[in-house]
Amino acid sequence: MRPFKIAKKTKIYISLALALLCTPVMAKGEDLSQVIRLANQGDVISQTNLAEMYYKGQGVRQDYQKALEWTQKAANQGNARAQTALGYMYYDGEGVRQDYQKAFELFTKAANQGDADAQNNLGWMYYKGQGVRQDYQKAFELFTKAANQGNEGAQNNLGYMYYDGEGVRQDYQKALEWYTKAANQGDEGAQYNLGVMYYDGRGVPQDYPKALEWYTKAANQGNEGAQNNLGWMYYKGQGVRQDYQKAFEWFTKAANQESSYAQNNLGWMYYKGQGVRQ
């Protein structure tokens, strides 16, 4: 019986989100009745704000169906953010039956208006072959457009494609560059992926302390792969002083998120009585 060593493959992450507006849901001095009145008059900002309120349950009872209705109204006026949000709801089946084809259509409309989230999400659908025939080249093109606008999810996904050589020639240096951009924006997937590259020494000299640093950032955001790998580094004393108690703690966090690596590693520690009573 042996513990798995470490989860070494970098990962691609979907970054779909209902991101309607960057402005506050309600402006100062504005009440719910005023938002509803303006939304009913066709004001697209009020419609998207009202949709977000119902989606998040802010100031009103959470209601995905109501969120869908108001997002649809704004999307019908050509609002790119609403089209992206509505596409997400169809993608995830929130307030409506899951429909990849409908999600694809809405993401396409918003992406054609330059919406970075829609470009990333559309790239994801091409990558996975959801609602459209799988096409790594198209996914790569869309991730690139969104990444160049600063979208951290797309930057991570583009890094993954360079890392794995999907839709583009494999290039660890390019992967490292895009992962770093996303990780510096706080993207936990990219932080995990950077940890893998520094741990393995791919595209960069092997550096356990640097790997530990990035794994820690991702683990503190709840990334189960990073939590497992951080546990492993404490277990082995790589880049940090060996500490079975710390290893046990991080393996436990990852195991509670159903990480099979961590569950196996945690089982090994119970079996050996390391950091915990045998």
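Residues numbered from 1 in each chain as written. Predicted model: local features only at pLDDT ≥ 70, side-chain atom pairs only at ≥ 80, totals over all residues. Heavy atoms only, no water.

J.: Help me get a handle on helix 6 (residues 116-128), residues and values and all.
T.: Relative to the 18 Å expected for 13 residues at 1.5 Å per residue, helix 6 spans 18 Å between its end C-alpha atoms, a close match to the ideal helical length. Counting buried positions along helix 6 yields 11 of 13 residues, so the element is predominantly enclosed. Considered for burial, the residues of helix 6 that qualify are Ala 116, Ala 118, Gln 119, Asn 120, Asn 121, Leu 122, Gly 123, Trp 124, Met 125, Tyr 126 and Tyr 127. Contacts made by the buried residues of helix 6 are with helix 4 (80-92), helix 5 (100-111), helix 7 (136-147) and helix 8 (152-164). The N-terminus of helix 6 is capped by Asp 115, whose side-chain oxygen sits 3.2 Å from the backbone nitrogen of Asp 117. Of the residues one or two after helix 6, Gly 129 is the one with positive phi, at around 70°. (Helix = DSSP H or I, 4+ residues; strand = E, 2+ residues; numbered from the N terminus. Expected span 1.5 Å × (residues − 1). Buried < 20%, exposed > 50% of the residue type's maximum accessible area, 1.4 Å probe, protein only. Contact = heavy atoms within 4.5 Å. Polar contact = N/O pair within 3.5 Å; in protein donor to acceptor, adjacent residues only side chain to side chain.)

J.: So what about the packing of helix 9 (residues 172-183) against helix 10 (residues 188-200)? Which residues, and what values?
T.: Following both chains from N to C, one finds helix 9 and helix 10 inclined at 140°, their axes separated by 8 Å at the closest point. Here helix 9 lies oblique to helix 10, going by the angle between them. Of the two elements, helix 9 crosses helix 10, and the hand of that crossing is left-handed. Between helix 9, through Tyr 172, Ala 175, Leu 176, Tyr 179, Thr 180, Ala 182 and Ala 183, and helix 10, the contact on the second element is made entirely by Ala 190, Gln 191, Asn 193, Leu 194, Met 197 and Tyr 198. When the residues that make up the contact of helix 9 with helix 10 are grouped by side-chain class, the tally is 10 nonpolar, 3 polar and no charged. (Axes fitted to C-alpha atoms, helices over the stretch in contact; angles between N-to-C directions. Parallel < 35°, antiparallel > 145°, perpendicular 65-115°, else oblique. Left-handed = near helix turned anticlockwise from the far one by under 90°. Nonpolar A, V, L, I, M, F, W, Y, C, P; charged D, E, K, R; others polar.)

J.: Run through the side chain of Gln 47, naming residues and quoting values.
T.: Relative to the helices and strands, Gln 47 is located in helix 2 (residues 44-56). By relative accessible area, Gln 47 is classed as buried at 3%. Side-chain polar atoms of Gln 47 contact the backbone oxygen of Ala 39, separated by 3.1 Å. Residues within four places of Gln 47 in sequence aside, it is in contact with Ala 39, Gly 42, Trp 70, Lys 73, Ala 74 and Gln 77.

J.: Describe the pattern of salt bridges, naming the residues involved and giving the relevant values.
T.: What the rule picks out here adds up to 5 salt bridges. For Arg 81, the salt bridge is made with Asp 115, and the minimal N-O distance between the two is 2.5 Å. Here Arg 81, found in helix 4, pairs with Asp 115, found in the loop between helix 5 and helix 6; they are 34 residues apart in sequence, far enough to count as distant. Judged by its relative accessible area of 8%, Asp 115 falls in the buried class. Of the charged contacts, one joins Lys 210 and Glu 213 as a salt bridge, the two residues approaching to 3.7 Å between their closest N and O atoms. On the criterion of helical spacing, the pair formed by Lys 210 and Glu 213 is a turn pair, its members being 3 residues apart in helix 11 (residues 208-219). Exposure remark for Lys 210: the relative accessible area of 28% places this residue in the partly exposed category. You can call Glu 213 partly exposed: its relative accessible area is 32%. Connected via shared salt-bridge partners are Arg 81, Asp 115 and Asp 117. (Salt bridge = Lys/Arg side-chain N within 4 Å of Asp/Glu carboxyl O.)

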